[in-house]
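# Results of the structural survey
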Amino acid sequence: MNRSERKSGIFVAPGDLLGVIEEFTPGPGTYVEHGTIHSKITGRTLLDMLNKKVSVYPLVRVASVPQIGSMVSGQVLDMKGKKAVLRITQIGQRSLSGFFTGILHISEASAGYVDTMSSVCKTGDIMRAKVISDKNRTFYLSTTEKDLGVIHALCSRCGHSLQQGKRGMQCSRCGNIERRKVSADYGKGAAYEEEK
Ligand SMILES: [Zn+2]
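Note that the structure is a prediction, hence the values are computed from the model and not measured.

Another point: the overall build of the protein. Across its full length, the protein holds 0 helices and 16 strands. A compact globule built from 196 residues should have a C-alpha radius of gyration of about 16 Å, whereas the protein, at 24 Å, is more than 25% larger. For the protein, the spread of C-alpha atoms along the three principal axes comes to 70 × 40 × 25 Å. By residue count, 30% of the 196 residues in the protein fall in the buried class.

The following block contains the structure:
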């Protein structure tokens, strides 16, 4: 922390400089090296100005496992008959450090009748879905609701992003037209952020 940022609630990582021992007493979550105080952990600072003490409190980690009812997003890895296999990398807006496998069955893909899974999604697409059940850390998904479905589709001929057009999902590069079960906000901005 530089002098102007010395306040509580600053996000710090291990080794970050918090101050010098002439101005602060090192509190929990800190260590002293050559007269300077550093953070021992990843967390947020707490400055006790009365006692001139600096501490770092660990960030509380929220369980990053999808639950039944969770909104998740991820990429379609594979299509197997009436099922799509997804790599779930995000719960809500939060990116996961690992990933989970999700299965979307054709009967849970759309509120209306769908004849073939390839009119729902294709390999490489990004989808938003709701978790409806889980078994051995495989999550069964549904995209029947309006705001669920494909949020980013790729042309199966050339790999370019598809845009919603009058006749279906259209590729602006090669002119290919495809079908998808898209979410209501398809193409309207930051629906999905790449995992960092
Ligand atoms: Zn194309």
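Per the domain assignment, the segments making up the protein are domain 1 (3-58) and domain 2 (71-151). Centre-to-centre, using C-alpha coordinates, domain 1 lies 44 Å away from domain 2.

A few words now on the sheet that holds strand 16 (residues 177-178). Strand order in the open sheet made by the 3 strands is 14-15-16, with antiparallel pairing throughout. For this open sheet the edge positions go to strand 14 (162-165) and strand 16, each flanked by a neighbour on one side alone. Across 4 bridges, strand 14 lies against strand 15 (residues 168-171) in antiparallel orientation. Counted as the bridge partner of L162 is C171 from strand 15.

The subject of this paragraph is the confidence of the model for the protein. Confidence along the protein averages 89 in pLDDT terms, with 91% of residues attaining 70 or more. A low-confidence stretch, residues 191-196 (pLDDT under 50), is modelled with 11 contacts involving residues beyond four sequence positions or located in other chains.

Attention now goes to the sheet that holds strand 7 (residues 53-58). The strand order 1-6-7-3 describes an open sheet built from 4 strands, whose pairing is mixed. In this open sheet, the two edge strands, each paired with only one partner strand, are strand 1 (11-12) and strand 3 (25-26). Summarising the sheet, strand 3 and strand 7 pair through 2 bridges and their orientation is parallel. Bridge pairing in strand 7 places P26 opposite V54.

This part takes up the pairing of strand 9 (residues 83-91). Look at any regular strand and the pattern is simple: side chains alternate between the two faces of the sheet. Pairing of strand 8 (residues 71-80) with strand 9 involves 8 bridges; the strand directions are antiparallel. Among the inter-strand pairings, V76 is bridged to a residue of strand 9, identified as L86. Between strand 8 and strand 9, which follow one another and run antiparallel, lie 2 residues, and G81 among them has a positive phi close to 60 degrees. Looking at chain direction, strand 9 and strand 10 (residues 94-105) are connected through 8 bridges and run antiparallel. Counterpart to R87 in the pairing with strand 10 is T101.

Attention now goes to the nonpolar core. By size, the foremost hydrophobic cluster in this structure holds 29 residues, and its most contacted members are A84, L86, M127 and V150. Going through the elements one at a time, strand 8, strand 9, strand 10, strand 11 (126-135), strand 12 (138-142), strand 13 (149-152) and strand 15 are the ones with two or more residues in this core. Once you skip the residues sitting within four places of it in the chain, V150 turns out to touch C121, D125, M127, R180, K181, V182, S183 and Y186. With 5 residues, the next largest nonpolar core counts L18, F24, I37 and V54 among its residues.

What follows deals with the environment of H105. Its place among the elements puts H105 in strand 10. A C-alpha to C-alpha distance of 26 Å links H105 and N176, two positions 71 residues apart in sequence. With residues near it in sequence (within four places) discarded, H105 still touches K82 and K83.

Let us look at unusual backbone geometry. The phi dihedral of H34 is positive, around 45 degrees, even though this residue is not glycine. Tracing the sequence through the fold places H34 in the loop between strand 4 (30-33) and strand 5 (36-39). H34 gets classed as exposed once you count the C-beta atoms within 10 Å, which come to 7. Backbone geometry places R137, a non-glycine residue, at a positive phi of 60 degrees. Inspection of the secondary structure assignment puts R137 in the loop between strand 11 and strand 12.

Cut-offs and rules
- Residues numbered from 1 in each chain as written.
- Predicted model: local features only at pLDDT ≥ 70, side-chain atom pairs only at ≥ 80, totals over all residues.
- Helix = DSSP H or I, 4+ residues; strand = E, 2+ residues; numbered from the N terminus.
- Rg over C-alpha atoms; globule rule 2.2 N^0.38 Å.
- Buried ≥ 20, exposed ≤ 12 C-beta atoms within 10 Å, placed from the backbone.
- Domains from an automatic or database assignment.
- Pairing = 2+ DSSP bridges.
- pLDDT = per-residue confidence, 0-100.
- Contact = placed C-beta atoms within 7 Å.
- Core = buried A, V, L, I, M, F, W, Y, C linked by C-beta atoms within 7 Å.

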